[in-house]
Amino acid sequence: MTYTFLQHYWWFLVSLLGALLVFLMFVQGANSMLRSLGWTEEGRWLVINSTGRKWEFTFTTLVTFGGAFFASFPLFYSTSFGGAYWLWMIILFTFVLQAVSYEFQNKLGNFLGPRTFQFFLVLNGLVGPLLLGGAVATFFEGSNFIVEKSNIIDATAATPIISYWANASHGLDALLNPWVLVFGLAVVFLARTLGTLYVMNNVADEDIRSRGSVRLIGTAVPFVVLFVAYLVHLLLKDGYAYTADGTIVMEPHKYLTNLLTMWPVLILLLVGVVLVLFGIGKTIVSKDYVKGIWPAGIGTVLTVLALLLTAGWNMTAFYPSTADLQSSLTIENACSSYFTLNTMFYVSLLIPFVLAYIVYCWRKIDARKLTNDEIKTDHAY
């Protein structure tokens with residue numbers, strides 16, 4: 001296995017984890033619609049218990065995504081997680097609030113009351129997808145950082161820090177870019193759409209299913225408009241490429257070129273988009289169809305995977321710097337050593353077994369549709 005193969009292999013795995021994370025944010029999406037899907041107290045209880053049985057999958061995938069980035073592309077980890085720490089701290093804080101809210105909202109001695117913790121769930125459902133979507137958008141739009149590898153060996157340097165943020169906002173400046181907000185909002189409405197589809201499939205309650213069909217239109221339309229707008233912008237904009245000697249250059253229509261050059265990735269993107277639209281459309285037009293989460297979910301994974309592969313493969317800088325073009329990160333200059341990537345390759349062969357275990361647990365958890373009677377007799381949040 002060559003060093004180049006391992007770099008591309010690990011970017012694929014990191015991209016796959018990111019795609020799975022976006023799909024699993026249906027938990028956040030459903031929570032953000034807690035009061036519109038669950039109109040009554042019993043309805044809200046059903047929604048919370050439906051998502052409460054899956055929130056660990058989302059949180060674990062988020063941690064695994066960060067861990068995989070740290071192991072395979074440590075310079076990105078230190079630059080983004082270390083420099084844009086306000087962005088990531090807010091994301092992690094809302095996810096911690098989510099975990100606490102599930103466990104403590106109905107505990108004895110909860111002096112804040114259940115509604116306070118339900119507000120925290122809604123907050124995580126809105127802020128989490130928005131900021132995570134914004135973080136992904138910076139792979140195409142760029143971030144304000146500077147990399148100086150010479151600092152690590154320069155005895156005269158004030159601090160041996162390889163990379164640092166070029167301003168005091170530490171990541172929040174990304175939200176000043178309107179296209180970052182467009183993509184972030186697209187992820188918010190995607191999460192709300194997937195959350196609605198999941199609850200409609202998971203909960204056996206006619207009121208929630210009928211309300212979900214109406215709410216689905218209100219979430220899917222903004223998502224499609226925002227996503228199409230950003231996709232057109234992405235295909236027409238100049239991209240960040242690098243030459244054989246590692247020099248970063250601006251290339252017109254770079255991401256469109258990537259898709260046309262890597263035609264299997266283009267097919268992946270198109271199939272993903274069609275599956276998402278099919279899952280949404282059939283659920284809206286058919287009153288009896290409640291399995292839209294599966295085509296839409298698979299389509300989400302394929303679409304996000306294709307976008308992330310477009311950001312990192314084909315001599316593309318996956319984390320561009322708007323402060324210093326030559327500081328932009330690529331899968332070549334930001335990756336771990338050959339020994340590390342090669343050793344982790346063999347460890348990664350265990351991933352199919354882990355995925356099989358997750359699928360098994362998921363099927364056992366969802367063996368029966370959720371009802372009011374079940375959560376009264378079984379574990380309830």
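Attention in this report is confined to the structure presented alongside it.

Definitions and limits used
Residues numbered from 1 in each chain as written. Predicted model: local features only at pLDDT ≥ 70, side-chain atom pairs only at ≥ 80, totals over all residues. Heavy atoms only, no water. Helix = DSSP H or I, 4+ residues; strand = E, 2+ residues; numbered from the N terminus. Rg over C-alpha atoms; globule rule 2.2 N^0.38 Å. Contact = heavy atoms within 4.5 Å. Areas by Shrake-Rupley, 256 points an atom, 1.4 Å probe, with all protein chains shown as cover. Buried < 20%, exposed > 50% of the residue type's maximum accessible area, 1.4 Å probe, protein only. Pairing = 2+ DSSP bridges. Axes fitted to C-alpha atoms, helices over the stretch in contact; angles between N-to-C directions. Parallel < 35°, antiparallel > 145°, perpendicular 65-115°, else oblique. Nonpolar A, V, L, I, M, F, W, Y, C, P; charged D, E, K, R; others polar. Arc of directions from axis to C-beta. Phe/Tyr/Trp six-rings, centres within 6.5 Å; stacked < 30°, edge-to-face > 60°. Lys NZ or Arg CZ within 6 Å of the ring centre and 35° of its normal. Core = buried A, V, L, I, M, F, W, Y, C linked by side-chain atoms within 4.5 Å. Expected span 1.5 Å × (residues − 1).

So, about the overall build of the protein chain. Looking only at helices and strands, one finds 16 helices and 4 strands in the protein chain. Computed over the C-alpha atoms, the radius of gyration of the protein chain is 21 Å, within 12% of the 21 Å expected from 2.2 N^0.38 for a compact globule of 381 residues. Oriented by its inertia axes, the alpha-carbon framework of the protein chain measures out at about 65 × 45 × 40 Å. Look at the contacts in the protein chain between residues 6 or more apart in sequence, and 77% of them connect residues 24 or more apart. Just so you have it, the protein chain exposes about 17,000 Å², and 72% of that area is on carbon and sulfur atoms.

Quick look at the pairing of strand β3 (residues 239-242) now. Covered by surrounding structure in β3 are G239 and A241 together with Y240 and Y242, the residues of both alternating faces. Where β3 meets strand β4 (residues 248-251), 4 bridges bridge the pair, whose relative direction is antiparallel. When the bridges of β4 are listed, Y242 appears paired with I248. The turn linking β3 back onto β4 is made up of 5 residues, and G246 within it adopts a positive phi angle of 90°.

A word on the packing of helix α5 (residues 55-72) against helix α6 (residues 74-83). Interhelical geometry of α5 versus α6 gives an angle of 125° and a closest axis separation of 5 Å. Of the possible angle classes, the one that applies to α5 and α6 is oblique. Judged by residue contacts, G66, F69, F70, A71 and S72 of α5 engage P74, F76, Y77 and F81 from α6. Broken down by class, the residue content of the contact of α5 with α6 amounts to 7 nonpolar, 2 polar and no charged.

The complete set of buried residues in helix α14 (residues 338-348) reads L341, N342, M344, F345 and S348. Seen end-on, α14 carries its buried residues on one side only, within an arc spanning 165°. Counted as exposed and oriented over 90 degrees from the buried face of α14: F339 and V347. The elements touched by buried residues of α14 are α1 (3-24), α5 and α15 (351-365).

Moving on, we get to the packing of aromatic side chains. Scanning all chains against the criterion turns up 44 aromatic pairs. Centroid distance F23 to F26: 5.5 Å. Interplanar angle 55°. Geometry classified as tilted. When sorted by exposure, F23 lands in the same class as F26, which is buried. Sitting above the plane of the W362 ring, K54 keeps its charged end 4.8 Å from the centroid. The ring of Y289 has K282 lying over it, and the distance from NZ or CZ to the ring centre is 4.5 Å.

We now examine the nonpolar core. Residues W11, F69, F73, F139, F318 and L329 are the most contacted members of the largest nonpolar core, which totals 103 residues. Per element, the largest residue contribution to this core is 12 residues, and it comes from α1. Apart from residues lying up to four places away in sequence, F69 is in contact with W11, V14, P74, F76, Y77, F139 and F318.

We now examine unusual backbone geometry. Positive phi outside glycine occurs at H170, with the angle close to 50°. Mapped onto the secondary structure, H170 falls in the loop between β2 (163-165) and α9 (178-202).

Attention now moves to helix α13 (residues 293-312). An α-helical segment advances 3.6 residues per turn. Residues three or four places apart therefore align on the same side. In this model α13 runs 28 Å from its N-terminal to its C-terminal C-alpha over 20 residues, within 8% of the 28 Å that 1.5 Å per residue would give. With 18 of its 20 residues buried, α13 lies for the most part within the structure. Directly beyond the C-terminal end of α13, a positive phi value near 60° is found at N314.

Everything listed is a geometric property; what it means functionally is a separate question.
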